[in-house]
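# Descriptive analysis of the structure
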Number of protein chains: 2
Amino acid sequence: MVTKTVHEHREQMRGGKGSAEMYHIIEKDANSDTVRLFSKIVLNPSSSIGRHQHTGETEPFYILSGRGLFTVNDEPGVEVGPGDCCWIAPGDEHTIENLSDSEELSMMALIYKK
Amino acid sequence: MVTKTVHEHREQMRGGKGSAEMYHIIEKDANSDTVRLFSKIVLNPSSSIGRHQHTGETEPFYILSGRGLFTVNDEPGVEVGPGDCCWIAPGDEHTIENLSDSEELSMMALIYKK
């Protein structure tokens, strides 16, 4: 079966700046026993996802393009780019910010039970 | 935590043609209770992944670039390109072939228990 992604526009995602486009491969809340989210996320220029956490879930995301600042808990932020894998363990608070005011920051995000 | 992918070169993957490059975000055999594989896969020009199946596992993959022919069981192949989501249900036999002799076919693959 071949499907298209489901597009969702988010303003100030999780209390962050600007806006993001989500392209869901797995639709929200489907398969919640294992994988809750598998999506391409595009952070528009000068946008961010605000600080939040997921209980009992692990989230890796893989940077496809752009430059971002990835922060976990109160650790110093780490600059990330294409090919980097950002890991969020269950309960970790995290944010990611698009460092560019002209380019998108795009990534593949996965959230699974752990 | 920020990590790099683990690169694996595969010749005649699953009995297919040519070669593929796998870039593993989740290392093989990690988290085998939920997610077994989360990787970027690049099929080199004129290459394919041969017909195979996964028991008790669901596999979506998301096409990033290139043109492919995706086949499930004995159904007619479907031509796929960037933004398409290819779905393989548990037990389904499947193949994917890069239709170009000059461009890569790249995709994000996920395999999880279901």
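Before reading on, note that the structure itself is shown above.
Residue positions are given per chain, counting from 1 as you read along its sequence in written order. Starting at A for chains and at 1 for ligands, labels are handed out in the order in which the entities are written. With pLDDT at 70 or above as the cut-off, local features in this predicted model cover only qualifying residues; side-chain atom pairs require 80 or more to be listed or tallied, and sums for whole chains, interfaces and linings still use all residues. Where side-chain values are given, they derive from all heavy atoms of the structure, hydrogens and water being excluded.

### Things to note about the packing of aromatic side chains
Residue and element names in this part refer to chain B. A pair of aromatic rings is counted whenever rings of Phe, Tyr or Trp (Trp by its six-membered ring) have centres within 6.5 Å, and the orientation is called stacked for planes under 30 degrees apart, edge-to-face for over 60 and tilted otherwise. Using the criterion set out here, one finds three aromatic pairs over all chains in the structure. Between Phe61 and Phe70 the ring centres are 5.6 Å apart and the planes differ by 85°, which places this aromatic pair in the edge-to-face class. Burial classes follow relative accessibility: with a 1.4 Å probe on protein chains only, a residue under 20% of its type's maximum area counts as buried, one over 50% as exposed, and anything between as partly exposed. Residue Phe61 is classed as buried on the basis of its relative accessible area of 3%. Among the residues examined, Phe70 registers a relative accessible area of 2% and is labelled buried.

### Remarks on the side chain of A:Thr58
Residue and element names in this part refer to chain A. Labels follow the DSSP assignment, with helices taken as runs of H or I lasting at least four residues and strands as runs of E lasting at least two, numbered in each case from the N terminus. Inspection of the secondary structure assignment puts Thr58 in strand E6 (residues 57-65). Taking relative accessible area as the criterion, Thr58 reaches 7% and is therefore assigned buried. Among all residues touching Thr58, those that are not within four sequence positions of it are Trp87, Ile88, Pro90, Leu110, Ile111, Tyr112 and Lys114. The contact rule is simple, with two residues in contact once any of their heavy atoms fall within 4.5 Å.

### Digging into the sheet that holds strand E9 (residues 84-88) of chain A
Within the open sheet, the seven strands sit side by side as E2(A)-E3(A)-E4(A)-E11(A)-E6(A)-E9(A)-E1(B). Their pairing is antiparallel. Of all strands in the sheet, those with a lone pairing partner are strand E2 (6-11) of chain A together with strand E1 (2-4) of chain B, marking the two edges. Taken over all neighbouring pairs, the strand axes of this sheet differ in orientation by 25° on average, direction set aside. For E6(A) and strand E11 (residues 105-113) of chain A, the ladder comprises six bridges, and the chain directions are antiparallel. Its bridge partner being in E11(A), A:Tyr62 is matched across the sheet by A:Met108. A pair of strands counts as paired when DSSP detects no fewer than two bridges linking them. In this description, a line fitted to the C-alpha atoms serves as the axis of each element, helices being fitted only across the stretch in contact, and the angle between N-to-C directions of two axes falls anywhere from 0 to 180 degrees.

### Quick notes on the relation of the copies chain A and chain B
The two copies are related by a screw motion: chain A maps onto chain B through a turn of 180° and a shift of 0.0 Å along the axis, at an RMSD of 0.0 Å. Overall, the copies show the geometry of a two-fold rotation axis. For chain A, the smallest separation between a C-alpha atom and the rotation axis is recorded for A:Thr34, amounting to 2.9 Å. Here 100% of the contact residues of chain A are again contact residues in chain B; the copies associate through an equivalent surface. All copies are superposed by least squares; the fitting set is the C-alpha atoms of residues with a pLDDT of at least 70 in both.

### Regarding the sheet that holds strand E1 (residues 2-4) of chain A
If you trace the seven strands from one edge of the open sheet to the other, you get E1(A)-E9(B)-E6(B)-E11(B)-E4(B)-E3(B)-E2(B), paired in antiparallel fashion. Both edges of this open sheet fall to E1 of chain A together with strand E2 (6-11) of chain B, since each of them pairs with a single strand only. Taking each pair of neighbouring strands and ignoring which way they run, the sheet shows an average axis angle of 25°. Across six bridges, the pairing between E2(B) and strand E3 (residues 19-26) of chain B is antiparallel. Across the sheet, the residue bridging to B:Val6 is B:His24, located in E3(B).

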